[in-house]
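Descriptive structure summary
Residues per chain are reported as follows:
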Amino acid sequence: MSIETKPQIPKASDWEIHSRQDKELVKGLGLTSATMLVMGSMIGSGIFIVSSEISREVNSPALLIAAWLVTGFMTIVGALCYGELAAMMPRAGGQYVYLREALGPLWGFLYGWTLFLVIQTGTIAAVGVAFGKFLGIFAPSISSSNWILHFWKVPPIRIGPMVLGNMDVGLNTQNLAAILVVVALSVINIFGLKTGALIQNIFTFAKVSALLALGFLGLFVGRNAQALAANFHGNFWNNAGLSAQHAVQVGVGGPTVLVGTLTILAVAQVGSLFSADAWNNVTFTAGEVKNPNRNLPLSLALGTGVVIALYIICNFVYLNVLPLDGVANGATILERGIKYATEERVGTAVMTQMFGSVGGLLMAAAIMVSGFGCVNGLILAGARVYYAMAKDGLFFRSVAKLHPTYKTPSVSLMVQMAWTCVLCVSGSYGQLLDYIVFAVLVFYILTIVGLFVLRRKHPEAERPYRAIGYPILPAVYIVMALFIDVVLLRYKPQFTWPGLIIVLLGIPVYFLWARRPSDALTSA
C-alpha cells in the first residue's frame, strides 16, 4: 500500500514575488513628468523661509551658503545612489521596497509607518496650512485665529529638553483652506495618473519659473548697496573659520554652549535638508514610470540638480538684497535683515524690498502656487507606498485595491487624505515636522547601506544604471549623515528623540501586522 503525497509546489522567492507585484499599474509617467515630480515635491515654502533661522544659527554669509552646499551635495549623492536602486527595482513603493529587500521587511515597514504617520502626511498638512496662510494675504478672513470650531487649547507639556502640546485643536478658516486643497487634490488624483501628472507639470513649471525670476531680479535688478556692503565687502567670511566658535542652545530652554563650525553646519541642516527633502518621492511611483531603467535615474539626477542650483541662487539673492544681520524689532525690512525677517518670510521680504507691496503680493502668490504643486506631488506619490505595503500584507488589505476604471490606488489616496485632515485639525503637524529630519536621515542612511548589501546579496541582478562614485560617494554620504544625526541628538534633542520614538513605536505594530498572511505570498 503506497501513500500518495501531494506534489510540492516550489515556493517563489521574495525577490521573484516582489519583482512582479505591481504589474496592474498603468505606466503613464515619462521622463518629463518624473523629473517634474522630483522638482515639484522638493520645492514647497521652505526655501522662502528657513534661511532666516539658518542665518541666526551660523551668523555668517559664507556659512549660510555652505549650509545649502552641504545639503545640495548630500541630496545629489543620495539621488545618484537611489538611481541604481530605482532602476534595479522599479516597483511601486520605492524606498519602502529597497529597505525591505536589502535589510528585511521590518525596516521597510518602519519606513512606511513613519512615512504615513509623520513624514508624508505631516508635510502635506504643513504645506497645505502654509497655502492657507498666504491665501490669507489676499482674503483676510482666512486666518488661524478665525475659528469655526475651537475644541481645545492643549497646554505646553515639558518633558526634559522638549516642549510638547501648546497647540490649538479645532477648525479655523486657515486649516479649512488646507483641508479643502488636500481633499480636492486627493480626489483629482483618483481620476488617472495622467491627470495628477498634468497638474504636477503645470504647477512645477510655474514655480520653477518664479524661482528663476526671483534669481534674475535679485542678482541683476534689485541689488542693494547696503546689503552688498554688509555681506560681501570684506564680511563674507566672517565667523566662517574652522576655529570659530558658535553659540547654540541645547534643547528648549537649555544651556547655551559654544560649538565649532562643522558642528553648527550640522545643526543648521534641520532647515535646509527639510526644504530639499521629498526628492525620493518619484521612486514611490516607479511602477508607473515608462522605461524606468532609464527615466528613474535621469529624473532623480536632473530634478535634484536643478532644484539645488535654484536654492543656492536664491540664497545669493537674499544676500544681495538684505543684510544678513539685523535686529528683531527693526522698523524697516533692511533693519530686520535676513535673520529677523517678519515671520521668517525672507522671500517675501526680498520682493517687498525690491518692488514694494506689489512685490510682496507677487511672492505670496508664487508661494501659493509652489505649495499647491508640492501638495499634489506628495499626495500622488505617498499613496503608492501604502499600496505597496498593503500588497505585502503590512497595511489594511483594502488599500491594495486599485480603482477599476482609472487603475489608481484610490483607497490608499483616501486613507492618506483622512489622516492628513486629522493632522490639520489637531494642530500637531508643526511639531511632527520638527521631528522628521532626524528620522528621514536615519532611513536615508539605512537605504544607502542597503545599496552595499544588495551588491553582495544579489550581484547577478540586472543593474541598468550603477551609482556614480560607488563605493566612495555613498560611504561619504553615510558618514556625513551619521555626523549630522549625532550632532542633532546632542544639541537638538527636542527634534530627535520624539522622531526616534515614533519610529520605534512601529516595531510592535509590525509584529501585529506580520501575523496576517501576506497577500503577495498567498497569491504566489
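Structure shown above.
The following paragraphs examine the structure supplied in this document. Every value quoted in this text rests on a predicted model; they were computed, and no experiment measured them.

1. Observations regarding the overall build of the protein chain
When helices and strands are tallied, the protein chain shows 19 helices and four strands. On C-alpha atoms alone, the protein chain measures out to a radius of gyration of 23 Å, which is about the 24 Å that the 2.2 N^0.38 rule sets for 524 residues. Along the longest, intermediate and shortest principal axes, the C-alpha atoms of the protein chain span 100 × 50 × 45 Å. Residue burial in the protein chain is summarised as follows: out of 524 residues, 59% are buried. Sequence separation of at least 24 residues holds for 79% of the intrachain contacts in the protein chain that already meet a minimum separation of 6. Working note: accessible area of the protein chain is about 20800 Å², and carbon and sulfur atoms make up 67% of it.

2. Structural notes on the nonpolar core
Within the largest apolar cluster, 158 residues are counted, with the highest numbers of intra-cluster contacts made by Leu214, Tyr318 and Val350. The element that contributes the greatest number of residues to this core is helix 14 (residues 346-391), accounting for 22 residues. Excluding residues within four positions of it along the chain, Leu214 makes contact with Phe48, Cys314, Val317, Tyr318, Val350, Met351, Met354 and Met363.

3. So, helix 4 (residues 61-88)
Between the first and last C-alpha of helix 4 there are 41 Å, a value that for 28 residues agrees with the 40 Å anticipated at 1.5 Å per step. Within helix 4, 24 of the 28 residues are buried, which leaves it mostly tucked inside the rest of the structure. Between the side-chain oxygen of the N-cap and the backbone nitrogen of Ala62 there are 3.3 Å, and the N-cap of helix 4 in question is Ser60.

4. Considering the pattern of salt bridges
Note on pairing: side chains with opposite charge can pair once their charged atoms come close. A full pass over the atoms with the stated rule returns 10 salt bridges. Arg100 is the salt-bridge partner of Glu101, the closest N and O atoms lying 2.9 Å from each other. Arg100 gets classed as buried once you look at its relative accessible area, which sits at 6%. Arg345 is the partner of Glu343 in a salt bridge, and the nearest nitrogen-oxygen pair spans 3.2 Å. With relative accessibility at 49%, the residue Glu343 sits in the partly exposed group. Given the relative accessible area of 18%, Arg345 is considered buried.

5. A look at unusual backbone geometry
Cis geometry marks the peptide bond from Tyr470 to Pro471; its omega dihedral reads 0°. The backbone phi angle of Glu343 is positive, close to 50°, even though this residue is not glycine. Within the element layout of this structure, Glu343 appears in the loop between helix 13 (333-336) and helix 14.

6. Some details on the pairing of strand 4 (residues 256-259)
It is a general feature of regular strands that their side chains alternate between the two faces of the sheet. One ladder, built from four bridges, connects strand 3 (residues 246-249) with strand 4; its direction is antiparallel. Counterpart to Gln249 in the pairing with strand 4 is Thr256. The turn linking strand 3 back onto strand 4 is made up of six residues, and Gly251 within it adopts a positive phi angle of 70°.

7. Section: the packing of aromatic side chains
For any pair of aromatic rings, geometry is given as the distance between the ring centres together with the angle between the planes. Using the criterion set out here, one finds 24 aromatic pairs in the structure. On the numbers, 5.9 Å between centres and 80° between planes, the contact of Tyr82 with Tyr444 is edge-to-face. Taken together, the positions of Tyr82 in helix 4 and Tyr444 in helix 16 (residues 429-457) put the pair 362 residues apart, joining distant regions of the chain. For Tyr82, a relative accessible area of 0% translates into the label buried. Among the residues examined, Tyr444 registers a relative accessible area of 5% and is labelled buried.

8. Concerning helix 18 (residues 493-514)
Look at helix 18: 32 Å from first C-alpha to last across 22 residues, which is about the 32 Å you get at 1.5 Å a residue. Of all bends in helix 18, the biggest is about 30°, found at Pro508. Of all the positions in helix 18, only Pro493, Gln494, Phe495, Thr496, Pro498, Gly499, Ile502, Val503, Gly506, Tyr510 and Trp513 are classed as buried. Where the residues of helix 18 are buried, they touch helix 6 (105-138), strand 2 (162-172), helix 10 (261-275), helix 16 and helix 17 (472-491).

9. Some remarks on the packing of helix 2 (residues 31-42) against helix 12 (residues 292-321)
To characterise two packed helices, one gives the angle between the axes of the helices and the distance between these axes. Two elements in contact, helix 2 and helix 12, have axes separated by 8 Å at closest approach and are oriented at 40°. Comparing the axis directions of helix 2 and helix 12 gives the class oblique. Regarding helix 2 and helix 12, the two cross each other, and that crossing is right-handed. Contacts from Leu31, Ala34, Thr35, Val38, Met39 and Met42 in helix 2 reach Arg294, Asn295, Leu298, Ser299, Leu300, Leu302, Gly303, Thr304, Val306, Val307, Ile308 and Tyr311 in helix 12. Split into classes, the residues belonging to the contact of helix 2 with helix 12 amount to 12 nonpolar, five polar and one charged.

10. Digging into the side chain of Ser60
With respect to the secondary-structure elements, Ser60 resides in the loop between helix 3 (51-58) and helix 4. For Ser60, a relative accessible area of 0% puts it in the buried group. A polar side-chain atom of Ser60 sits 3.3 Å from the main-chain amide nitrogen of Ala62.

11. Structural notes on the environment of Leu402
You can see Leu402 is positioned in the loop between helix 14 and helix 15 (410-426). C-alpha of Leu402 to C-alpha of Gln353: the two residues are 49 residues apart in sequence and 50 Å apart in space. Apart from residues no more than four positions distant in its own chain, Leu402 is found in contact with Glu24, Leu25, Tyr387, Lys407, Thr408, Pro409 and Ser410.

12. Let's talk about a nonpolar patch on the surface
A surface patch of nonpolar side chains, amounting to about 460 Å² of accessible area, comprises Ile148, Leu149, Phe151 and Trp152. Residue placement: Leu149 occurs in strand 1 (residues 147-159).

Rules behind the numbers
- Residues numbered from 1 in each chain as written.
- Predicted model: local features only at pLDDT ≥ 70, side-chain atom pairs only at ≥ 80, totals over all residues.
- Heavy atoms only, no water.
- Helix = DSSP H or I, 4+ residues; strand = E, 2+ residues; numbered from the N terminus.
- Rg over C-alpha atoms; globule rule 2.2 N^0.38 Å.
- Buried < 20%, exposed > 50% of the residue type's maximum accessible area, 1.4 Å probe, protein only.
- Contact = heavy atoms within 4.5 Å.
- Areas by Shrake-Rupley, 256 points an atom, 1.4 Å probe, with all protein chains shown as cover.
- Core = buried A, V, L, I, M, F, W, Y, C linked by side-chain atoms within 4.5 Å.
- Expected span 1.5 Å × (residues − 1).
- Polar contact = N/O pair within 3.5 Å; in protein donor to acceptor, adjacent residues only side chain to side chain.
- Salt bridge = Lys/Arg side-chain N within 4 Å of Asp/Glu carboxyl O.
- Pairing = 2+ DSSP bridges.
- Phe/Tyr/Trp six-rings, centres within 6.5 Å; stacked < 30°, edge-to-face > 60°.
- Bend = angle between axes of the 7 residues up to and from the residue.
- Axes fitted to C-alpha atoms, helices over the stretch in contact; angles between N-to-C directions.
- Parallel < 35°, antiparallel > 145°, perpendicular 65-115°, else oblique.
- Left-handed = near helix turned anticlockwise from the far one by under 90°.
- Nonpolar A, V, L, I, M, F, W, Y, C, P; charged D, E, K, R; others polar.
- Patch = residues over 30% accessible without salt bridge, like charges linked within 9 Å, V, L, I, M, F, W, Y side chains within 5 Å.

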